[in-house]
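# Survey of secondary and tertiary structure
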Amino acid sequence: MSIDINCIAVIGKQNNPLYIKNYSSSHPDLKYHYIAHTAIDVIEERVLNNPKLTDAYLGLLYAMEDLAVYGFMTNTRVKIILVIAVTDNVIKDADIKAIFTKVHSAYVSHVCNPFHNLDQDFVASKRFSNAVDHIGQQNSRATIDV
Amino acid sequence: MSFLSPTTSSIFGGSGNEDGSAATGHGGMLVNESCLDFLMMELVDAMCRTAIDEDTDREVIFYKLEMLGYRVGQSLVERFTVDRPRFTDTLDVVKFICKDLWVIMFKKQVDNLKTNHRGVYVLQDNNFRWFMRMSTDIGGTDSSSKATPYLWFPCGVIRGALANLGVSSVVMAETSNLPQCKYFLSLSQQSQCRSRAFPSGTFQIKIAKS
């Protein structure tokens, strides 16, 4: 039931990285940068090939040896990437969607901050960082307790 | 800013939810319409008052009000497209502006939308909410020209909303007889809503030294 989140990445509309945070100790940060980069290509391919698909949640993008990458694209072309460790448990779509919704609402709250400028470099506010950390670590902490 | 229940007010989603829960669309905090009316009155008046020379500074006032509206439009769209399915094309985006965004800001939809299908759209509002209580003694063109600065903030909101949805545009507005106003949108032909291949390799990796 508990999902082990390894990384949460937020990518902007120009495909520029906005926020990438690593929650696992198993892989270095650079690996998640590469994963997020390849995820952009997969997302673009999915969106171009399925114009009828109007859901923001894009599902499982691709899987590697021990990692599964899920994608989410908002109406404002901001992409959220979630990398989780593959376990034997069945992972429900609804759980992943819930995580994406939480990250999205943290992002929306951050954008509405009047000190944040959408056209300049992204500076993660403390509230945004804390909110995303709470999402990322909550799930991994649950597995440690159990 | 007072936060009244959504039944008595509308316009402008609040941005101050303490936890991340349900900060989507109309579930968030809203702003009293009277507050917005008073703010707009003072905003336009302050801009006009601080203009040094009436004629040349009309451009400056336009620019300032429009840029304020631009930022507001970007945030509004970010917040109010949360649970919506993705937009299929540019017309869909403009329809969203006419219906949903106008309802959020002015509690009504745009009355008439015309397009030449080449990127030019005309939005007509026959009973613009901010003009409903405005009039001058002389009436006619005098009241129209005095009311025009109030249209520049919504111009910015529209442009910001379009920009954040991936459509770059130029928005102008005019009013001829007072409660009625028209917005002219010219959208650039290249927008992200259309399919086009993105070259990979535009990603810039910044690695923090640990």
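A brief look at the structure comes next. (Residues numbered from 1 in each chain as written. Chains lettered and ligands numbered in written order. Predicted model: local features only at pLDDT ≥ 70, side-chain atom pairs only at ≥ 80, totals over all residues. Heavy atoms only, no water.)

## As for the sheet that holds strand β3 (residues 169-174) of chain B
Residues and elements named next belong to chain B. Here we have four strands laid out as an open sheet, ordered β1-β2-β4-β3, and antiparallel in their pairing. Only two strands of the sheet have a single neighbouring strand rather than two, namely β1 (112-115) and β3. Between one strand axis and the next, the sheet turns by 15° as a mean value, whatever way the strands run. When strand β2 (residues 120-125) meets strand β4 (residues 181-187), the two strands line up antiparallel, connected through six bridges. Bridging from a neighbouring strand, D125 pairs with C181 of β4. This element, helix α5 (residues 149-164), spans β2, β3 and β4 of the sheet and lies at about 155° to β3. (Pairing = 2+ DSSP bridges. Helix = DSSP H or I, 4+ residues; strand = E, 2+ residues; numbered from the N terminus. Axes fitted to C-alpha atoms, helices over the stretch in contact; angles between N-to-C directions. Contact = heavy atoms within 4.5 Å.)

## Comments concerning the pattern of salt bridges
All names here are of chain B. In the structure shown here, the tally under the stated rule is 11 salt bridges over all chains. D45 is the salt-bridge partner of R49, the closest N and O atoms lying 3.6 Å from each other. With R49 and D45 both in helix α1 (residues 33-49) and four residues apart, the pair spans about one turn of that helix. Residue R49 is classed as exposed on the basis of its relative accessible area, which comes to 53%. (Salt bridge = Lys/Arg side-chain N within 4 Å of Asp/Glu carboxyl O. Buried < 20%, exposed > 50% of the residue type's maximum accessible area, 1.4 Å probe, protein only.)

## A closer look at the sheet that holds strand β1 (residues 5-11) of chain A
In sheet architecture, strand pairing relies on hydrogen bonds along the backbone and comes in two forms, parallel and antiparallel. All names here are of chain A. An order of β2-β1-β5-β4-β3 is seen for the five strands of this open sheet, with the pairing classed as antiparallel. The open sheet has two edge strands, β2 (17-22) and β3 (57-63), and neither has a second partner. The mean angle between the axes of side-by-side strands here comes to 15°, regardless of whether they run parallel or antiparallel. Here β1 pairs with strand β5 (residues 79-85) via six bridges, running antiparallel. Among the inter-strand pairings, I5 is bridged to a residue of β5, identified as I84. Docked against the sheet, helix α1 (residues 29-49) engages β1, β2, β3, β4 (67-73) and β5, running at close to 125° with respect to β3. Lying on the sheet, helix α2 (residues 93-111) is in contact with β1, β2, β3, β4 and β5; it crosses β5 at an angle near 135°.

## Topic: the nonpolar core
All names here are of chain B. With 47 residues, the main nonpolar core has L123, F128, I158, Y183 and L185 as its most contacted residues. Of all the secondary-structure elements, those providing two or more residues to this core are α1, α2 (57-80), α3 (90-106), β2, α5, β3 and β4. If one sorts the elements of this core by residue count, α3 sits on top with 10 residues. In this structure, I158 is in contact with I97, W102, L123, V171, Y183 and L185, ignoring residues within four places of it in sequence. (Core = buried A, V, L, I, M, F, W, Y, C linked by side-chain atoms within 4.5 Å.)

## Examining the pairing of β3(A)
In summary, the side chains of a regular strand alternate between the two faces of the sheet. Residue and element names in this part refer to chain A. Among the seven residues that make up β3, five are buried, leaving the element largely enclosed by the rest of the structure. Relative to β4, β3 runs antiparallel, the two being bridged by five bridges. Counterpart to Y62 in the pairing with β4 is V69. Counting the residues in the hairpin turn of β3 and β4 gives three residues.

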